[in-house]
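Descriptive structure summary
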Amino acid sequence: MGKFILRRILLLIPILLALSLLIFLFIRLLPGDPAGAILGERATPENIERVRAALGLDRPLHEQYFEYLGGLLRGDLGQSFLTRRDVVDDFLQRFPATIELTVAALIFALAVGIPLGMITAKRRGSWVDQLGTVVSLVGISIPIFFLGLMLKYVFAIELGILPDSGRIDFVEHNIPRVTRFMTVDALIAGELGGFVDALRHLILPGIALGTIPLAIIMRITRASVVDVLNEDYVRTANAKGLPGSIVDRRHVLRNALLPVVTVIGLQTGLLLGGAILTETIFGWGGVGTWIYDAVRTSDYQVIQSGVLLLAFIFVLVNLLVDVSYAFLNPRIRYS
Amino acid sequence: MRNWRWISALAVLVFVLAACGTQTGATPSATGDTEESEPAATGEAPEETDGGTGEPVAGGTLVFAGARLAASLDPSQTSDGESFRILQQVYEPLVDLAPGSTNELVGVLAESWEGGPEDTEYVFNLRQGVTFHDGTPFNAEAVKINFDRWQNFAEEFQANAYYYGAVMNGFGEGNLIESVEATDEFTVTITLTQASPTFLFAITLPTFAIVSPAVLEATSADDPAASTFGTDVSAGGTGPFTLDSYTPEEEATLVRNEDYWGTPALLDRVIIRPIADPSARLQALQGDNPSVQGIDLVSPVDYETVEGEEGLVLVERLSFNSLYLGLNPTAAETEGNPLAELAVREAVEYAIDKEALIEPFYGGRGAVADIFLPPSSGWYEAVVAGVEPRGFDPDRARELLAEAGFDESNPAEVGFWFPTEVTRPYMPDPAGLHQAVTQMLEDVGFVVVPNSDIWDSPGYLEDGQNGLYDLHFLGWTGDYDDPSNWYGVHFGFDAEGAPAAQFGCDTEGLNEAIEAAESELDETARGDAWAEVANLIHGDVCFITLVHGDTALAFTENVQGYNANPTGSETFSTVWLTDGGE
């Protein structure tokens, strides 16, 4: 087991190196450049030259890359062109917001997706199942930005029961940032009202972001449960008179969850990407908004290092998922 | 849209690669696709609005949403309207524009000054008894330290110090600033290497605000590797608000400066939030319990929504911009360009119904652009006097085309360019505008070859300015109110006497006229000189100014006293809530 984890961690190094090169080139191959973004209409050839020189963009590509790589190896991910702040600092400052949102979305997706998958599997072919299929299809196909705006329109504007954007009501709650998880910081500050308000702010973006994973988790759960329900041991358990709820919990769900865990791992990575859209729509100050702004201003350093950090986390989450396999299913042993 | 293509493409790349390293195997997935209209620009456009009703009440908190927060908290490192919105509440320049005005100067940190357009020496008599938010007294030495700091910026800081570089002709010795001397405790003498008619107007920009020397030192503001001035909250300003907290991507909280030297702000607090998406911004303002009470850059398509919604007020900001159609007879990509004929260029202008563009594309808020300068400019009357506008007259356009030898069997074929993946305050929908104008040109007999390119350089901007486009859309948002910032920037000849490549406008006498206008220091004569420049350019139809697009803010009806300014020079200190925030 330890060997397996070690091997997987070592494997991360070439992956991240390749990623860093590809992201670096990818950004530069696409049209647009920071000088143009900074200057706008004022982008006369002379102005562009001046800004490019100041940003070091006039040097050959390989020089730029090796300098960047050298920095990476020293743990220095560079500074934003625009704010001259360390990219790592900026990332760490915003990442808690994104994690908070991702966790909210995941909780929503799991809490609704798994039971729905279970119910539709047990009543497959019924109208409940049909309805579930339709719901999951809609969930997968609906664009996040549309869903986000619609949720806001209904719950924030028309009904006025949930906040439309932001992480907390800054007017009511002035909470010192300690961990930068708004819910946690509110508790640290002893503001129960702030905690509840932060939770309320999580609901709509959490639903918007969690809908696609919900649909996927529901489908996987359903398929997996259907498989397990046909297993001999389930029939045996039922035959020997175990109460249905115990059969479901101990025998069906536990065995059916393995593929679901895989999907959860992958979805967590995708949620980080999906957060870019959701955060923009909900004015959520996380990594997504940050990268969105960096793309808009062609802030290469932020895009390449920010995306690399996200990729790193994605790989890490998947490693954790693989490791968790061994615990969930003793038959799978890595050596 | 390009942004989303980028993000999607990056997401795919990352997840495909990342999946290669996992045994579970991932399916590549892209983030979705969304509409995005990006109205943010530098030195936003703008206007005078309701001064409020009833007696102003002090107190309360205003939550306001723009598209972004500040690019940097160091005023000298910013050049865009979103940054200025926050920083000009906290920091103050020596002189500023009077509220709502684009060309009337008022003293701020300078109580008075001697020196005008024709002088190389300016003496500023500073306001006494002003302290920075950190308690440091404001004096002549502080002004000198700031001017010296800008002039001697390390290269790393020069890239984002656009305005200083542009106004002062670069950095270091040999730029426009000869010397800055603290002649006594409250007198500063600034000597220029040559007279500059724009100097006083330029230093009204928030970029040139004076910062507490103690804060500059404490934050290592001039050390590119260690500076925290641009990123961390500091108490370096003198303005009516202090910056209380700043969380990037989340909020900037401004608190009333109780020790302000002038009329104190009415609001207790202003919280500025970034909401990038224009629809999301408007949504934040709607409903019974809106999370913000004011937003900027309302999308023109939403003007009607705001005006029709009870409890919301649309505040128009008159234009300080202009959309134009560039005409370049010397465009490198065309041969036998019909635009080489004056009659054809005139026909283009007669063919375009400028008025018809305002309703569909600017939500009905904007003005036909007879000249480059918008009517909100103090120079407008003087310059427009030199120009005889060509109205919309399709018959005249057809006649001119016929005179030039073009007919149905031999139509005038012109390439017509527009930028993609961008919106600007003067150009809310480039593709739509292109379609509309194409239709107008085809109606009089032109054959239009549509072309487009991506906005960011290298691309549309660079190719346009390098003279590769024959007919093309572009525009300008003024930095400060002087004709040289409009006609001079675009049509100035280079040192070898070649005309600006973008227009290839080699009109006889234009070079001399621009030089004369640039160096004319008497105000009336300067107006006349620029009128002559405008006359030559418009007479030769080097470009066709189309529309000055207004922008708009929206507030809940309890918000009063916001004075929109075409230049974006706007303060929250006069704003109050009818309910005092209760």
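As the structure is a computational prediction, the values presented were derived from the model and not from experiment.

1. Comments concerning the overall build of chain B
Within chain B, the secondary structure is distributed over 18 helices and 21 strands. By the burial criterion, 56% of the 582 residues in chain B qualify as buried. When contacts within chain B are restricted to residue pairs at least 6 apart in sequence, long-range pairs at least 24 apart make up 71% of them.

2. Points about the overall build of chain A
Within chain A, the regular secondary structure consists of 13 helices and 0 strands. From first element to last, N terminus to C terminus, chain A shows the α and β order α-α-α-α-α-α-α-α-α-α-α-α-α. Projected onto its principal axes, the C-alpha coordinates of chain A cover approximately 85 × 55 × 40 Å. A fraction of 69% describes how many contacts in chain A between residues 6 or more apart in sequence connect residues 24 or more apart.

3. Focus on the nonpolar core
Soluble globular proteins tend to bury their nonpolar side chains together. Core analysis: the biggest nonpolar cluster contains 180 residues, and A:I217, A:I291, B:L62, B:V270, B:I295, B:V298 and B:A554 have the highest contact counts within it. Among the elements that line this core, the one with the most residues is helix α9 (residues 192-229) of chain A, at 14 residues. Discounting residues that sit within four places of it in the chain, A:I217 has contacts with A:A109, A:L110, A:G113, A:I114, A:G117, A:V260, A:V263 and A:I264. By size, the runner-up hydrophobic cluster in this structure holds 69 residues, among which are B:L325, B:F406, B:A529 and B:C542.

4. Remarks on the pairing of strand β16 (residues 447-454) of chain B
Residue and element names in this part refer to chain B. Bridging between strand β15 (residues 413-420) and β16 involves 8 bridges; their strand directions are parallel. In the strand pairing of β16, F418 is matched with S452. Read as a crossover between parallel neighbours, the route from β15 over helix α14 (residues 430-443) to β16 is right-handed.

5. Looking at the sheet that holds β15(B)
Residues and elements named next belong to chain B. The strand order β14-β18-β13-β17-β15-β16 describes an open sheet built from 6 strands, whose pairing is mixed. The two strands at the open ends of the sheet, each matched to only one other strand, are β14 (366-368) and β16. For this sheet, the mean inter-axis angle between neighbouring strands, taken without regard to orientation, is 30 degrees. Against the sheet, helix α11 (residues 355-362) engages β14 and β18 (543-549), with an angle of about 40 degrees to β18.

6. Quick look at the packing of α9(A) against helix α11 (residues 244-281) of chain A
Between two packed helices, what matters for the description is the angle formed by their axes and the separation of those axes. Residues and elements named next belong to chain A. Look at α9 against α11: their axes get within 9 Å of each other, and the N-to-C directions meet at 160 degrees. Judged on the interaxial angle alone, α11 and α9 are roughly antiparallel. With respect to the hand of their crossing, α9 and α11 are arranged in right-handed fashion.

7. Topic: helix α3 (residues 45-55) of chain A
Residues and elements named next belong to chain A. Along α3, the residues that are buried comprise I48, R50, V51, A54 and L55. Buried positions in α3, seen along its axis, are confined to an arc of 165 degrees and lie on one side of it. Exposed and oriented more than 90 degrees from the buried face of α3 are P45, E46 and E49. Positive phi appears at G56, one or two residues downstream of α3, with a value of about 75 degrees.

8. Here's the deal with the sheet that holds strand β6 (residues 177-184) of chain B
Two orientations exist for strands paired in a sheet by backbone hydrogen bonds: parallel and antiparallel. Residue and element names in this part refer to chain B. The strand order across the open sheet formed by 4 strands is β4-β5-β7-β6, and the pairing between neighbours is antiparallel. Strands with a single pairing partner mark the edges of an open sheet, and in this sheet they are β4 (110-114) and β6. Between one strand and the next, the sheet's axes are offset by a mean angle of 20 degrees, whatever the strand orientation. Two strands pair when backbone bridges link them, and β4 and strand β5 (residues 121-126) are joined in this way by 4 bridges, in the antiparallel orientation. From the neighbouring strand, E114 faces β5, where its bridge partner is V123. Running over the sheet, helix α3 (residues 140-151) touches β5, β6 and β7 (187-192) and is turned about 165 degrees from β6.

9. A few points about the confidence of the model for chain B
All names here are of chain B. Across chain B, the average pLDDT comes to 87, with 89% of residues at or above 70. A low-confidence stretch, residues 10-52 (pLDDT under 50), is modelled with 146 contacts involving residues beyond four sequence positions or located in other chains. The complex prediction reports pTM at 0.82, with the ipTM value standing at 0.79.

10. Considerations on unusual backbone geometry
Residues and elements named next belong to chain B. Backbone geometry places L297, a non-glycine residue, at a positive phi of 55 degrees. Its location among the elements puts L297 in the loop between β11 (294-295) and α9 (303-308). At V541, a position not held by glycine, the phi torsion is positive, near 50 degrees. Within the secondary structure, V541 sits in the loop between α18 (523-539) and β18. With 23 C-beta atoms packed within 10 Å, V541 lands in the buried category.

11. Brief notes about the environment of A:S324
Residue and element names in this part refer to chain A. Tracing the chain through its elements places S324 in helix α13 (residues 300-328). Of the residues examined, S324 has 15 C-beta atoms within 10 Å and is grouped as partly exposed. The spatial distance from the C-alpha of S324 to the C-alpha of V260 is 12 Å, given a sequence separation of 64 residues.

12. Some words on the pairing of β7(B)
Residue and element names in this part refer to chain B. Both β5 and β7 contribute to a ladder of 5 bridges, which runs antiparallel. Note on β7: the bridge partner recorded for F124 is V188. Where β6 and β7 come together, 6 bridges link them in antiparallel fashion. Note on β7: the bridge partner recorded for A182 is V188.

13. Some words on the packing of helix α10 (residues 342-351) of chain B against helix α13 (residues 394-403) of chain B
Residues and elements named next belong to chain B. Taken N-terminus to C-terminus, the directions of α10 and α13 make an angle of 165 degrees; their axes are 8 Å apart at the nearest point. One element, α10, and the other, α13, form an angle in the roughly antiparallel class. Here α10 and α13 pass one another in a crossing that is left-handed. For the pair formed by α10 and α13, the contact residues are A343, V344, E346, A347, Y350 and A351 on the first element and P394, R396, A397, L400, L401 and E403 on the second. For the contact of α10 with α13, the residue count by class is 9 nonpolar, no polar and 3 charged.

14. Comments concerning the environment of B:L357
Residue and element names in this part refer to chain B. Tracing the chain through its elements places L357 in helix α11. For the pair L357 and V547, spaced 190 residues apart in sequence, the C-alpha to C-alpha distance is 7.8 Å. In this view, L357 contacts L433, A436, L546 and V547; residues no more than four positions away in its chain are not counted.

15. Considerations on the environment of B:D393
Inspection of the secondary structure assignment puts B:D393 in the loop between α12 (380-384) and α13. For the pair B:D393 and B:E349, spaced 44 residues apart in the sequence, the C-alpha separation amounts to 8.7 Å.

Calculation notes
- Residues numbered from 1 in each chain as written.
- Chains lettered and ligands numbered in written order.
- Predicted model: local features only at pLDDT ≥ 70, side-chain atom pairs only at ≥ 80, totals over all residues.
- Helix = DSSP H or I, 4+ residues; strand = E, 2+ residues; numbered from the N terminus.
- Buried ≥ 20, exposed ≤ 12 C-beta atoms within 10 Å, placed from the backbone.
- Contact = placed C-beta atoms within 7 Å.
- Core = buried A, V, L, I, M, F, W, Y, C linked by C-beta atoms within 7 Å.
- Pairing = 2+ DSSP bridges.
- Right-handed = clockwise from strand over helix to strand, strands pointing away.
- Axes fitted to C-alpha atoms, helices over the stretch in contact; angles between N-to-C directions.
- Parallel < 35°, antiparallel > 145°, perpendicular 65-115°, else oblique.
- Left-handed = near helix turned anticlockwise from the far one by under 90°.
- Arc of directions from axis to C-beta.
- pLDDT = per-residue confidence, 0-100.
- Nonpolar A, V, L, I, M, F, W, Y, C, P; charged D, E, K, R; others polar.

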